[in-house]
Amino acid sequence: MVRVEPMWIEGYPFTAVQVELPKTTLLVIANAVGYAMCGALDVELLRTKLRGRNVVAMRATGVRTLEELLAATVENQTQAAEGLGIHPGMPMREALATLGRAAQNG
């Protein structure tokens, strides 16, 4: 099953995607600037081999639903996310609101 829905975080629009896969669930909350994802996100790959792409992304582990992803904290993030002030331990809602402000400000 695939669930795609609009989501508003502190007044900023996002697209939320939940994909049920065998023995796991893929979770993504994204806007035009970047995204938050479940533990399936390979942040190390984005930080090293794909660093030149300047992807704004962060991840949380141990989450099984979009609601749990929103309630989690940032476990790790890309350098581009760090540049926006996103850091480990930051509440995911706050990190996503940072992406919302960045999208609004162009």
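Everything below is about the structure shown above.
Analysis parameters
Residues numbered from 1 in each chain as written. Predicted model: local features only at pLDDT ≥ 70, side-chain atom pairs only at ≥ 80, totals over all residues. Heavy atoms only, no water. Helix = DSSP H or I, 4+ residues; strand = E, 2+ residues; numbered from the N terminus. Rg over C-alpha atoms; globule rule 2.2 N^0.38 Å. Salt bridge = Lys/Arg side-chain N within 4 Å of Asp/Glu carboxyl O. Buried < 20%, exposed > 50% of the residue type's maximum accessible area, 1.4 Å probe, protein only.

*Asks:* What's the story with the overall build of the chain in this structure? I'm lost.
*Replies:* When you go through the chain residue by residue, the secondary structure sums to four helices and six strands. When the helices and strands of the chain are listed from N to C terminus, the series reads β-β-β-β-α-β-α-β-α-α. Against the compact-globule benchmark of 13 Å for 106 residues, the chain has a radius of gyration of 13 Å, which places it among compact chains. In terms of overall dimensions, the chain has a C-alpha envelope of 35 × 35 × 25 Å along the principal axes.

*Asks:* What exactly am I supposed to notice about the pattern of salt bridges here?
*Replies:* Pairing is possible between side chains that carry opposite charge, provided their charged atoms lie close to one another. The final tally for this structure, using the stated rule, is four salt bridges. Residue Glu82 is joined to Arg47 by a salt bridge in which the shortest nitrogen-to-oxygen separation is 2.9 Å. With Glu82 in helix H3 (residues 79-83) and Arg47 in helix H1 (residues 43-47), this pair connects stretches of sequence that are 35 residues apart. Taking relative accessible area as the criterion, Glu82 reaches 35% and is therefore assigned partly exposed. Judged by relative accessible area, Arg47 falls into the partly exposed class, the value being 24%. Close ionic contact of Glu75 with Arg59 constitutes a salt bridge, the shortest N to O distance being 2.7 Å. Separated by 16 residues along the polypeptide, Glu75 in the loop between helix H2 (66-71) and strand S6 (76-77) and Arg59 in strand S5 (residues 56-59) bring together distant segments of the chain. Given a relative accessible area of 35%, Glu75 falls into the partly exposed group. Assessed through its relative accessible area of 18%, Arg59 is described here as buried. Because the salt bridges share partners, they merge into one network encompassing Arg3, Glu5 and Glu67.

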